[in-house]
Amino acid sequence: MIRSVLEIWWRAIIRIFAFIGKETQIILHQPRLVFSLILGPFLILLLFGLGYQNEPRTLNTLFVVPEGSTIGSYVEQYANSIGNRIEFAGITHDPAAADQQLRQQKVDLVVVTPRNPLADWENDEQSTFSLFHNEIDPLEVTYVQVIGQQYAERLNQELLLKAVSQSQQETSSLHDDIAQAKANAAAVRTALASGNTAAAQNSVEDLQRDLDFMTLALGSGMALMSGVEQAGGQDAVPNELLSVLETLQNQTDEMAAATQDNTAVDQGQTAATEMETSLDKLDNMLQVFQETDPAVLVTPFQSKTLSITQATIEPLHFYVPAVIALLLQHLAITLAGLSIINEKLSGAMEMFRAGPVSAFEMLFGKYTSYMLLIGVLAAVLTGLIVWGLRVPQLGLWANYVLVLLALLLASLGIGFNISLSARSRSQAIQYGMLTLLAAIFFSGFFLPLYRLAMYVRIVSWLLPATYGTVMLKNVMLRGQAPGVLLLVVLSGMALVLFLLAWFRLGRQLKRE
Amino acid sequence: MIPEVTGEQSIVRTEGLSKTFDGVTAVEDLTLDVPAGIIFGFIGPSGCGKTTSVRMLLGVYTPTSGEVEVLGRSPQNFRRKEQRDIGYMPQQFVLYPELSVWENLNFAASLYGVPVRRKERLKELLDLVELTGQEKKRVEHLSGGMQRRLSLAASIIHDPQLIFLDEPTAGIDPVLRHKFWSYFKQLKEEGRTLFITTQYVGEAAYCDQVGVMANGRLLIVDTPTGLRRHVSGGDIIHLHTAQFMSEDEVNKLRVQPFVKEKNVHRLRERGLEIVVEDASAALPQLLEWCRRENVRVESASEYVPVFDDVFVELIEQETAVSEDTSEDAND
């Protein structure tokens, strides 16, 4: 009894190995195919890595400056100020000629400058630079829009820098005025102490004039400084300048009152003394304003991007996990997709029906052989990529292998189901190509998944390559473990597809 | 080795077996009884239902009606054991062109669960089909004849009791066909039963029993000799005389006891075709009658009609019977 059961099992194993051996031999008898399967993708990636230029595109730009424009002389200077993204192609006064050049693709961009920005500003309007392009690629259109925004920002920045710089220069004489105000405050104090009310009154009037002038001169520049400080989180001292100026005004008022009222002489003297201190404070604030870099005042914030990944990710590196996922999915689908249809068309299925072969033995043998073959191809390809192209593999190799296993099993499941549905080889190949096309667009190969509408993402998550791409990026480039949910769903998909293929093959092997 | 089977034991038995595809009848009312240890020839023109019948016997097709039993069990209920006891060589070449001769044979062996130590068995079969020395050659580089021989080897690699060969000699040259029949004879001598379909009528002569099929119906099952006798009504003797025999003389001959049912026909010139029960017994009696009647004999011998003629005759008879039946039905 036991012997007979063992014999049944042993024969089943022999039959499974029949398919493993047969499928393996068929592939190995085609060395060119094996060679191209490994070297083809590697060479493509190598070429991509060598040839990819991670540089922003330079737009050959023609400027249209209307006759009599007030900003014509600044155009080239501004164009050069945003780096090499705009290449100055010249200035024309003829919009039609510029349009023709753009249509003939002799230039990439035409910038039409405003005729009279000053007039626009006086009318309380923003002055507009119009950017015309002839791009059809949505990504390039976005790039041109970004360049336009950068150009306008840069112009605004330049204007502000000039204004601030000018303000700093103009306030340089204010130190003398502050010193004069201090002297007047001291004179008021001395006059009040000696009881010379008339002299004190004269000095207070001088002091008031000084104060009015300083308020006017300091207003815009110091307000900017104050705004920067507030933006920096110093809400507790809102507008310190205003506070100082208010104090100075109050102290002047007290001194003026002391010249009119003998009982307020002491208060007037104290105010004069305190005013000297307040003026020192104002002088210090002026000093800080003048010494501050105009760029800091105009653009007080800048950004600095730092990655927490352990390696520098080049564009090639970013695409490699997706390429591996896509390639292995396509390979598995193509091999499995042609496998059963070939048996059906050659008539071998009839032999299997008449013989003692079960659907499970046949399918398990084919799964195993393709897993082995594609596994070896994947290992060689990975070796070439990691050690040949220096693409980082930061995660655990066990995680990498786990992801590939799930990816291959699910892809083979799709392939076998395609093969069981197809009525001809060309139909099976067509289904395989459709799956590849879907994977290119929807698996995150070149478009991030968030760019796809939710209902389209359902298609994405039906493709093993999507799971493979996401998990391989995490494992290879972030050094993280693959998401458990993703791995479980992909493995579940592989299991369901295997069971479905088993059921369908069983039906096809049954009697007609 | 193959278990001993007696010639009387039925290995294939069918009763009223029919198969219909989408309303079109491919096989109708097939009743057969094939004893073990023989070569059974299933002969008929292309498209007459031979392959469909074989597929029903193998369990590939489910019969629309009727009963079938192969190796004592309905093919619908075959266990692995029965499937291993059957060898099948399909009509078209189904092995793998990319693989070598040895790899293909090895695959077929594994498919039937032949134990791993099978090298000797493979060699033995390659010897039988004269493919020794071609082991490493890829099948796509073999000639058509070699491919058929490899198919044959693959179908018997697991040492089956019963072998179904669907048109094994189709499209191959006469020398190779002859060689194939030598293999079949050898396999039969080893105790196997062979169920062979063919459209070459002449091959019926190599069979122990022959079933003739036309238009999905089995016309007759008999031995090759029996088939001839069935068509002609008995053995045939061709007699050629030195002088023309008169009508009186021919009529005298017709009533002789060794002549079956007065069956004497004139041939061209001075020849006569005489139907007798048994040619070997009737020939001396005929010569004696000629001597007595002073008929000078130039030659007298048994005539064995070629199977093509037998087959054509059988088909014509069947057509006539069918037409009569349909006319009767119309009346």
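The rules behind the values
Residues numbered from 1 in each chain as written. Chains lettered and ligands numbered in written order. Predicted model: local features only at pLDDT ≥ 70, side-chain atom pairs only at ≥ 80, totals over all residues. Heavy atoms only, no water. Helix = DSSP H or I, 4+ residues; strand = E, 2+ residues; numbered from the N terminus. Rg over C-alpha atoms; globule rule 2.2 N^0.38 Å. Buried < 20%, exposed > 50% of the residue type's maximum accessible area, 1.4 Å probe, protein only. Contact = heavy atoms within 4.5 Å. Areas by Shrake-Rupley, 256 points an atom, 1.4 Å probe, with all protein chains shown as cover. Lys, Arg positive; Asp, Glu negative; His and termini not counted. Charge placed at Lys NZ, Arg CZ, Asp CG, Glu CD. Buried area = accessible area lost by both parts, 1.4 Å probe. Salt bridge = Lys/Arg side-chain N within 4 Å of Asp/Glu carboxyl O. Polar contact = N/O pair within 3.5 Å; in protein donor to acceptor, adjacent residues only side chain to side chain. Nonpolar A, V, L, I, M, F, W, Y, C, P; charged D, E, K, R; others polar. Domains from an automatic or database assignment. Phe/Tyr/Trp six-rings, centres within 6.5 Å; stacked < 30°, edge-to-face > 60°. Lys NZ or Arg CZ within 6 Å of the ring centre and 35° of its normal.

Engineer: Would you explain the overall build of chain A in this entry?
Structural biologist: Scanning chain A from N- to C-terminus turns up 19 helices and 4 strands. On C-alpha atoms alone, chain A measures out to a radius of gyration of 39 Å, which is more than a quarter above the 24 Å that the 2.2 N^0.38 rule sets for 512 residues. Across its three principal axes, chain A shows a C-alpha extent of roughly 135 × 65 × 40 Å. Here chain A holds 512 residues, and 43% of them are scored as buried. Excluding contacts between residues fewer than 6 apart, the proportion of contacts in chain A whose partners are at least 24 apart in sequence is 79%. Summed over all atoms, the accessible surface of chain A reaches about 27,000 Å², with 59% contributed by carbon and sulfur. Averaging the locations of the 31 positively and 44 negatively charged side chains of chain A gives two centres separated by 35 Å.

Engineer: Any chance you could explain the interface of chain B and chain A here in plain terms?
Structural biologist: For interface size, the figure often reported is the accessible area lost on association. Taken together, the contacts link 32 residues of chain B with 27 residues of chain A. When the buried surface of chain B facing chain A is broken down by residue, Val 60, Arg 80 and Leu 111 of chain B rank first, second and third, together holding 21% of it. Between chain B and chain A we count 2 salt bridges in total. Taken together, chain B and chain A are joined by 11 residue pairs in polar contact (both at pLDDT 80 or more). Counting only elements with at least two residues in the side of chain B that touches chain A, the list comes to α1 (50-58), α2 (80-84) and α3 (101-111) of chain B. Top contributing element to the side of chain B that touches chain A by residue count: α3 of chain B, with 4 residues. Taken together, the residues of the side of chain B that touches chain A sort by class into 17 nonpolar, 7 polar and 8 charged.

Engineer: Hey, could you run me through the domain arrangement of chain A in this one?
Structural biologist: Domain assignment breaks chain A into domain 1 (19-52 + 314-510), domain 2 (59-169) and domain 3 (172-298). Put simply, the middle of domain 1 of chain A and the middle of domain 2 of chain A, counted by C-alpha atoms, are 51 Å apart.

Engineer: How should the packing of aromatic side chains be read in this particular structure?
Structural biologist: Aromatic rings considered in pairs are described by the distance between their centres and by the relative angle of their planes. All names here are of chain B. The full count for this structure, using the stated rule, is 31 aromatic pairs over all chains. Relative to Phe 195, the ring of Phe 42 lies with its centre 5.2 Å away and its plane at 55°, an arrangement referred to as tilted. With Phe 42 in strand β3 (residues 39-43) and Phe 195 in strand β7 (residues 193-198), this residue pair connects regions lying 153 residues apart in the sequence. The buried category is assigned to Phe 42, whose relative accessible area is 0%. The exposure class assigned to Phe 195 is buried, which follows from its relative accessible area of 1%. Over the face of the ring belonging to Tyr 200 we find Arg 177, whose NZ or CZ atom lies 3.7 Å from the ring centre.

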